[in-house]
Amino acid sequence: MSKQPIGIFDSGIGGTSIFKEVHALLPNEHTIYLADSFNAPYGNKTKDEIISLSIKNTEFLIDKGCKIIVVACNTATTNAIKILRATYNIPFIGIEPAIKPAALQTKTKAIGILATKGTLSSELFHRTTDLYSNGINVIEQVGEGIVDLIENGKINSPEMMSLLSLYLKPMIDANIDYLVLGCTHYPYLMPLLIDMLPKNVKIIDSGEAVAKQTKAILEQNNLLNTTPTETKNEFFTNGNVVVLDDILNHNFNVSYLKF
């Protein structure tokens, strides 16, 4: 089992930001990445739709022999991971916005959270926020339209700049000193966000923490591949192959999958 691949799925290409962290920390591991770009974004879908898509993605990866699955999508994690864990007999690693470190470290007592509607409206998000945000001004912003632009290769477009200006203004006005990225697509906006935010604002995403958790769970279950080997990293998408290939800097084989 230790030589079986790590499965990773997302509502599109955003979860590649998680793949890159996992691959860097666990260079001996084989991986299979599934981008459900045809159904992106998940953030605008109902909970039942998100659960159904997450089950479909999970069964594809299990059929491919994956030993563990990283749900590299905040919306899928917050809405579906509880059901996935109860249904399938393999470990699942989830992702949720890194509210805790932001809330514990803020000096201005104001933090911003940029996430999808599906994440911000979920029970898990509200539970985490309530736990750590006492006495802190939390400015929540739905990133409407951002995922669509990233999925269409328009990261540095005028449309993206316009949306980010609109979404960041209330946070800047509230004097935030931490911005939490609540969607795995959003780390690809980091250069733009750094330019647009005041210099004192720190940006937090969950990628490194997810990679460390993946390693820890593999170790706990004796699933870690400790044998140095030439790894096989496979990528499948039911969307635009070119966009996924571009975001991976043409370093891996990307296959179209009618899914």
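Residues numbered from 1 in each chain as written. Predicted model: local features only at pLDDT ≥ 70, side-chain atom pairs only at ≥ 80, totals over all residues. Heavy atoms only, no water.

(A) Fine view of the packing of helix H1 (residues 16–25) against helix H10 (residues 207–220). The interhelical angle for the contact between H1 and H10, taken along N-to-C directions, is 50 degrees, at an axis separation of 8 Å. The angle between H1 and H10 places the two elements in the oblique class. The two elements H1 and H10 cross, and the hand of that crossing is right-handed. Between H1, through Ile18, Glu21, Val22 and Leu25, and H10, the contact on the second element is made entirely by Gly207, Glu208, Val210, Ala211, Lys212, Thr214 and Lys215. (Axes fitted to C-alpha atoms, helices over the stretch in contact; angles between N-to-C directions. Helix = DSSP H or I, 4+ residues; strand = E, 2+ residues; numbered from the N terminus. Parallel < 35°, antiparallel > 145°, perpendicular 65-115°, else oblique. Left-handed = near helix turned anticlockwise from the far one by under 90°. Contact = heavy atoms within 4.5 Å.)

(B) Just the pairing of strand S2 (residues 31–35), in detail. Here S2 lies mainly inside the structure; five of its five residues are buried. Judged by which residues are buried, S2 turns out to be covered on both faces: Thr31, Tyr33 and Ala35 on one side and Ile32 and Leu34 on the other are all buried. Across five bridges, strand S1 (residues 6–10) lies against S2 in parallel orientation. Opposite Ile6, over in S2, you have Thr31 as the bridge partner. Once you follow S1 into H1 and on to S2, the crossover reads as right-handed. Note that S2 and strand S9 (residues 233–237) share five bridges and pair parallel. Across the sheet, the residue bridging to Thr31 is Asn233, located in S9. (Buried < 20%, exposed > 50% of the residue type's maximum accessible area, 1.4 Å probe, protein only. Pairing = 2+ DSSP bridges. Right-handed = clockwise from strand over helix to strand, strands pointing away.)

(C) Structural view of the packing of helix H2 (residues 47–63) against helix H3 (residues 74–87). The geometry of H2 relative to H3 is characterised by a closest axis approach of 9 Å and an angle of 65 degrees between their N-to-C directions. Of the possible angle classes, the one that applies to H2 and H3 is roughly perpendicular. As for the relative orientation of H2 and H3, their crossing is right-handed in sense. Residues Lys47, Ile50, Ile51, Ser54, Ile55 and Thr58 of H2 lie in contact with H3, whose contacting residues are Thr75, Ala76, Asn79, Ala80, Ile83 and Leu84. Broken down by class, the residue content of the contact of H2 with H3 amounts to seven nonpolar, four polar and one charged. (Nonpolar A, V, L, I, M, F, W, Y, C, P; charged D, E, K, R; others polar.)

Shape descriptors only; they carry no functional weight alone.
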